[in-house]
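Okay, here's what each chain looks like letter by letter:
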Amino acid sequence: MKISGKIRVAVAIVSLIYILIPLLVTIPASFTSASYPSFPPHGFSLQWYVKLLERPEFVEAFWNSAKFAFLTAFFSVLLGTLGALAIAKYDIPGKSYLVSLLTAPLTVPQLVLGVALLIYFTPMLLAGTPTGFLIAHIIICVPYVIRFVLTGLSGFDYTLERAAAILGASPVTVFWRVTLPLIRPAILSGALFSFLTSFDNVTVSLFMVSSDMRTLPLEIFSNMQDAYSPIVASVSSVVILISVVLILILEKIHGVGRLLGSTH
Amino acid sequence: MEPVRHDDRQEIASLRLQPAVLGKRRNWKKHLAAVLLLLPLLLFIIGFFVVPMLYILYLSFIDTERLSGTNAVYSIDNYVRFFTDSYYLHSLWLTIKVSLYTVIVSLLLGYPVALTMAKCSPRVRGLLTLLVASPLLISIVVRNFGWYLLLLPNGTVNQLLTGLGITESPLKLLFSEAGVVIGLSNAYMPFMILSIATSLYNIDPSLEKAAAILGASPFRSFLSITLPLSLPGIVSGMVLVFSMSMSAYVTPALMGGANVPMLPVVAYDQIIHLLRWTYGSAVSYVLLGITLAIVTIFTRMMERGRYREVFR
């Protein structure tokens, strides 16, 4: 390897460390025995995980996040998959404009989306309600599902559906036995991706929550602004762990790089 | 009823011969299926995205400070106020400056990673892609917290810097522009890398071989082959990172705080704390419009440059 190649690899390693370091320091910092978070940590203790479980607001925020993320994934996949099937299968006039319209929420900054939805929801009495929160999260996630399923359908062989129909299968049977199994990876990726996106969202959620309805990233956000305690390190570590497990499943199904590459 | 013209009759006759027309009656069923599948999604996007976006555009033209009774006054005063107030202009300039720094850092640090991904074996490439892309799926708040630990006045970076004698007193990294640039470039560099890597994968490897055979040094062949051919990836990466940095809220709020009032933070305060909805709507559209304008101008300029470079 030439010197220039060595420099390139060295810079690449530094960059990779740069990308990963905020995650790599958080987990050790959560095991500190001191009363302030630091890296490297002082001593070793599990006290901040015990304290985390004793704080009802974190536990409740966790379940809120999980619940909303699950519902967001469910509805995003339902709406997005059906829409993408229609777009891929039928001759719809102005198809490319339609896809642009349906995926437009991705191109608008989340802050602007949050402003728009808060102002729009307030007279409708949806601001600060679970329904409003859910709608906002589905708006963010459904364009991704549309893209994943459209990509999954791009090489789809429609003769398989026709063959099943000719052999006497009803449209519903064709869907469940032929179409669905073939696009299952795209749907699963869409669901997992939506779950993670919703679970981690802060910007839009900030506009959508009320004081009695918090999510985990928002709880971390306000704790970082107000207090500076190692409990933030332990709750962050829990979030990292959950995300990493889901990312590894996503990688097995579809490939994280391919997924994120195809979204932009 | 109009008499059927000859050519129409011919057309009907020819259609009758085609077996496809036998399924004509099924056609409306097909249309119905397409409409039924698409309608919920379409109504959802129009009802909860298009309409709210248009609604705040409409609101941004209402001047609440000149509101007389219940009669709304329509004017461009909100926009005029933004562009004549030094506080908002400073905030806009700060947003553009920080976003530009973020783009530069992401490009300089990201390009070598993309190049390494393009040159290594498929197995290593898969692993690198996973390492680069997965942080994007982990909450930005969590990633910012990691930087908190590193950048605090008595944090890891400052301890290293003073310990090694590089600086005498701790640097102000957190709650400064530097902190926001670090946080933003850390968050969005993966998009830069993936974008450049994609364009590098598409370069024909025989081009570099040809350059080497013709006596070009690796550096020369990088400058005249790899770099120009990866320009589309660089441009789209820069555009992506720039527009995302311009509209980021969480990182400026946490890593910059009140010291770095970037436009999204200002807009958030207007809406949530001051409840100035019409002005906040205008600020949101200024953010959107300026980002789009800069991205469009930049893309045009780079494209012109790219063609000059490639066809020289």
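Residues numbered from 1 in each chain as written. Chains lettered and ligands numbered in written order. Predicted model: local features only at pLDDT ≥ 70, side-chain atom pairs only at ≥ 80, totals over all residues. Heavy atoms only, no water.

Participant: Help me understand the side chain of T156(B) in this model?
Facilitator: Mapped onto the fold, T156(B) is located in helix α7 (residues 156-163). Residue T156(B) is classed as buried on the basis of its relative accessible area, which comes to 12%. With near-sequence residues (within four places) excluded, T156(B) lies in contact with F39(A), L149(B) and L150(B). (Helix = DSSP H or I, 4+ residues; strand = E, 2+ residues; numbered from the N terminus. Buried < 20%, exposed > 50% of the residue type's maximum accessible area, 1.4 Å probe, protein only. Contact = heavy atoms within 4.5 Å.)

Participant: Sorry if this is basic, but what is going on with a nonpolar patch on the surface here?
Facilitator: Where nonpolar side chains cluster on the molecular surface, the patch consists of Y58(B), F61(B), Y74(B), I76(B) and V80(B) and spans about 490 Å² of accessible area. Mapping F61(B) onto the fold places it in the loop between α2 (24-59) and α3 (77-84). (Patch = residues over 30% accessible without salt bridge, like charges linked within 9 Å, V, L, I, M, F, W, Y side chains within 5 Å. Areas by Shrake-Rupley, 256 points an atom, 1.4 Å probe, with all protein chains shown as cover. Salt bridge = Lys/Arg side-chain N within 4 Å of Asp/Glu carboxyl O.)

Participant: Would you mind going over helix α5 (residues 122-133) of chain B with me for this structure?
Facilitator: Side chains three or four residues apart in an α-helix point the same way, a direct result of the helix having 3.6 residues per turn. For α5(B), with twelve residues, the first-to-last C-alpha span of 16 Å sits near the 16 Å given by 1.5 Å per residue. All of the buried residues in α5(B) are L128(B), T129(B), L130(B), V132(B) and A133(B). (Expected span 1.5 Å × (residues − 1).)

Participant: How do you make sense of the packing of helix α4 (residues 86-119) of chain B against helix α8 (residues 177-201) of chain B when you look at a structure like this?
Facilitator: What describes two packed helices is the angle between their axes and the distance between those same axes. All names here are of chain B. In the contact formed by α4 and α8, the axes pass within 6 Å of each other and the chain directions differ by 40 degrees. By the angle class used here, α4 and α8 are oblique. Crossing hand, α4 versus α8: right-handed. When grouped by side-chain class, the residues that make up the contact of α4 with α8 number 24 nonpolar, four polar and two charged. (Axes fitted to C-alpha atoms, helices over the stretch in contact; angles between N-to-C directions. Parallel < 35°, antiparallel > 145°, perpendicular 65-115°, else oblique. Left-handed = near helix turned anticlockwise from the far one by under 90°. Nonpolar A, V, L, I, M, F, W, Y, C, P; charged D, E, K, R; others polar.)

Participant: Teacher, can you tell me more about the side chain of T215(A) here?
Facilitator: Residue and element names in this part refer to chain A. The residue T215 is located in the loop between α9 (203-208) and α10 (216-226) in this model. Accessibility expressed as a relative area gives 5% for T215, which makes it buried. In contact with T215, not counting residues within four places along its chain, are A61, S65, F68 and F133.

Participant: Whenever I open this one, the interface of chain A and chain B confuses me. Can you help?
Facilitator: When the parts come together, some accessible area is lost, and that loss is often what is quoted as the size of the interface. Taken residue by residue, the interface counts 77 residues in chain A and 78 residues in chain B. Summed over both sides, the interface between chain A and chain B buries roughly 7100 Å², with carbon and sulfur atoms accounting for 85% of that surface. Where chain A touches chain B, the interface holds zero salt bridges. Our enumeration of links across chain A and chain B arrives at six residue pairs in polar contact (both at pLDDT 80 or more). Considering each element in turn, the side of chain A that touches chain B owes the most residues, 14 residues, to helix α1 (residues 3-29) of chain A. When the residues that make up the side of chain A that touches chain B are grouped by side-chain class, the tally is 62 nonpolar, eleven polar and four charged. (Buried area = accessible area lost by both parts, 1.4 Å probe. Polar contact = N/O pair within 3.5 Å; in protein donor to acceptor, adjacent residues only side chain to side chain.)

Participant: How should the UniProt feature "transmembrane region" (unreviewed entry) in chain B be read in this particular structure?
Facilitator: Residue and element names in this part refer to chain B. On the UniProt side, "transmembrane region" (unreviewed entry) is annotated at positions that read residues 32-58, 92-115, 127-150, 178-201, 222-245 and 282-302 here. A helix fraction of 100% and a strand fraction of 0% characterise residues 32-58, whose end C-alpha atoms lie 35 Å from each other. Here residues 127-150 is 75% helix and 0% strand, with 26 Å between the C-alpha atoms at its ends. (UniProt positions renumbered as here; feature names shortened; annotations may be inferred.)

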